[in-house]
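Single-letter residue listing:
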Amino acid sequence: MANRARVVVLDPVSPDALADLERDHEVVVRLRPSHEELLSLAVDAEALVVRSGVRITGDVIRSGRRLRVVARAGSGTDNIDLSACRASGVQVFNLPGVSAPAVAELALGLVLAVTRNISLADRQVRAGRWNKPQLAGPELENRVLGVVGFGPVGSHIGRFGRALGMRVLTTVAQPSPERDEELRRSGVQRLPLGDLLRSSDVVCLAVPLSERTRHLIGAAELALMPAGSYLVNVSRGGVVDEDALLHALTDGTLAGAALDVHARESGVPALADLDNVVLTPHIGATTTDAQLRLGRLLAAELRTVLAGGQAKNRVC
């Protein structure tokens, strides 16, 4: 047991992943601990496993006297202090794209739910109210879908939109003639963000959270969207200024919004009282299939790193 690495799991992972990790390592599961407990857990940890629910700050990294790796069982690393990891020689890896199909499928579900008032209709029927005329929404065929970010998640969303007969627009961080040609072959047109917002009936956000994308969609951007349009966010809550979104939803600028991610992912969101909003608790990657894929790759990458190697998806 002495040579088994101590792996501390801080966010939920699949039971199969835990069983795989336990074959090689000493595994401690402490889900969503307080910051003080996290500092204590990090002291003897050689690996920390997180998703999006726990922040790995610089003081956590510095308290990890034996810490060698922080594993992000997902794509984004905005909840990890990468500068502190570099300074301490702690390797960080993520698993980009593994859960993209699951997130994109949820995005499609949210588009349908908010445009066809599915959640509102469900609540009303459960309460014995049958207000069919008030639940009318638009059809998606021949409408315009704007996908902000066309990576693994965004490209899946674009394919779904095309399958529904929608015209698909996108904006990307690093445009090039080669990328434009690739998009054209897929039936997708690239536009600057402002033009995309002006032209879209439904806008889906699928970008990582960074200083460049924080509040990418604020009051000025929402004001560009046509009356009667919809916003769907499956990226990160910080990408949208939620105060500005609340105003746009209550003053009639937008017809509705659907959010799987939130600025504060606990308690009751400020948007919860609005009938034209669909809210889910950051479940984009939470399918049994995606969690099995993530679990297998997580265990394999940790095995490599803790044996002295480098992860294939090393971030720093």
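Cut-offs used in this document
Residues numbered from 1 in each chain as written. Predicted model: local features only at pLDDT ≥ 70, side-chain atom pairs only at ≥ 80, totals over all residues. Heavy atoms only, no water. Pairing = 2+ DSSP bridges. Helix = DSSP H or I, 4+ residues; strand = E, 2+ residues; numbered from the N terminus. Axes fitted to C-alpha atoms, helices over the stretch in contact; angles between N-to-C directions. Contact = heavy atoms within 4.5 Å. Parallel < 35°, antiparallel > 145°, perpendicular 65-115°, else oblique. Left-handed = near helix turned anticlockwise from the far one by under 90°. Nonpolar A, V, L, I, M, F, W, Y, C, P; charged D, E, K, R; others polar. Buried < 20%, exposed > 50% of the residue type's maximum accessible area, 1.4 Å probe, protein only. Right-handed = clockwise from strand over helix to strand, strands pointing away. 1 Å grid on protein atoms, 1.4 Å probe; cavity = no way out; pocket = protein on both sides within 12 Å on 5 of 7 lines; lining within 4 Å. Points joined across faces, edges and corners; volume = space filled by probe spheres on them. Arc of directions from axis to C-beta. Polar contact = N/O pair within 3.5 Å; in protein donor to acceptor, adjacent residues only side chain to side chain.

Student: Please explain the sheet that holds strand β12 (residues 277-279) as it appears in this structure.
Tutor: In a beta sheet, neighbouring strands are held together by backbone hydrogen bonds and run either parallel or antiparallel to one another. Ordered by their spatial adjacency, seven strands build an open sheet running β8-β7-β6-β9-β10-β11-β12, and the pairing between neighbours is parallel. Looking along the sheet, the strands with just one partner apiece sit at the ends: β8 (188-190) and β12. Sheet twist, expressed as the average angle between the axes of neighbouring strands with direction ignored, equals 15°. As paired elements, strand β11 (residues 254-259) and β12 share three bridges and run parallel to each other. Note on β12: the bridge partner recorded for Ala257 is Val277. Against the sheet, helix α11 (residues 242-250) contacts β10 (229-233), β11 and β12, and its axis sits at roughly 140° relative to β11.

Student: Help me understand the packing of helix α5 (residues 100-115) against helix α7 (residues 152-163) in this model?
Tutor: Packed helices, taken two at a time, are described by their axes: the angle between them and the distance between them. Following both chains from N to C, one finds α5 and α7 inclined at 45°, their axes separated by 8 Å at the closest point. Relative to α7, the element α5 is oriented oblique. When the axes of α5 and α7 are compared, the crossing they make is right-handed. Side by side, α5 and α7 meet where Ala100, Pro101, Val103, Ala104, Glu105, Ala107 and Leu108 of the first sit next to Pro152, Val153, His156, Ile157 and Phe160 of the second. Counted by class, the contact of α5 with α7 contains 10 nonpolar, one polar and one charged residues.

Student: Looking at this structure, I do not really get the environment of Gly267. What am I missing?
Tutor: Its location among the elements puts Gly267 in the loop between β11 and β12. The class for Gly267 is exposed, based on a relative accessible area of 63%. A sequence separation of 47 residues divides Gly267 from Arg314, and the C-alpha atoms of the two residues are 34 Å apart.

Student: Mind showing me how you'd approach unusual backbone geometry here?
Tutor: Most peptide bonds take the trans configuration, and most residues that are not glycine carry a negative phi. Located in the positive-phi region is Arg32, a residue other than glycine, with phi close to 50°. Relative to the helices and strands, Arg32 is located in the loop between β2 (26-29) and α2 (35-43). The backbone phi angle of Asn142 is positive, close to 70°, even though this residue is not glycine. Inspection of the secondary structure assignment puts Asn142 in the loop between α6 (118-126) and β6 (144-148). Overall, the relative accessible area of 66% leaves Asn142 in the exposed class.

Student: Looking at this structure, I do not really get the pairing of strand β4 (residues 69-72). What am I missing?
Tutor: Covered by surrounding structure in β4 are Val69 and Ala71 together with Val70 and Arg72, the residues of both alternating faces. As paired elements, strand β3 (residues 47-50) and β4 share four bridges and run parallel to each other. Within β4, the position partnered with Val50 by the bridge is Arg72. In this region the chain leaves β3, passes through helix α3 (residues 58-63) and returns to the parallel neighbour β4; the handedness of that crossover is right-handed. Inspection of the sheet shows β4 paired to strand β5 (residues 91-93) by three bridges, in the parallel sense. In the sheet register, Val70 faces β5, and the bridge partner there is Val92. Taken together, β4, helix α4 (residues 82-88) and β5 form a β-α-β motif whose crossover is right-handed.

Student: How do you make sense of empty space enclosed by the protein when you look at a structure like this?
Tutor: A probe matching the size of a water molecule, rolled over the atoms, marks out where space remains unfilled. Under the definition given, this model contains two cavities of 30 Å³ or more. Its boundaries defined by the atoms lining it, the largest cavity holds a volume of some 60 Å³. Taken together, the elements giving at least two residues each to the lining of the largest cavity come down to α5 and α7. Among the residues making up the lining of the largest cavity, the classes are represented as nine nonpolar, one polar and no charged. Size it by volume and the second largest cavity reaches roughly 30 Å³. Forming the boundary of the second largest cavity are Val13, Ser14, Ala73, Gln291, Leu294, Gly295 and Leu298. In terms of residue class, the lining of the second largest cavity is built from four nonpolar, three polar and no charged.

Student: Just to check I follow, could you spell out the pairing of β10 for this structure?
Tutor: A regular strand places its side chains so that they alternate between the two faces of the sheet. Of all five residues in β10, five are buried, a share of seventy percent or more. Here strand β9 (residues 202-205) runs beside β10; their pairing, made up of four bridges, is parallel. Paired with Val202 across the bridge in β10 is Tyr230. Traced from β9 through helix α10 (residues 219-224) to β10, the parallel crossover comes out right-handed.

Student: Explain α11 here, please?
Tutor: Among the residues of α11, Ala244, Leu245, Ala248 and Leu249 are the ones counted as buried. The buried side chains of α11 occupy one side of the element, clustering within an arc of 135° when seen end-on. Opposite the buried face of α11, at more than 90 degrees from it, the exposed residues are Asp243, His247 and Thr250. Where the residues of α11 are buried, they touch α10, β10, β11 and β12. At the N-terminal boundary of α11, the capping side chain belongs to Asp241, with an oxygen 3.1 Å from the backbone nitrogen of Asp243. Directly beyond the C-terminal end of α11, a positive phi value near 90° is found at Gly252.

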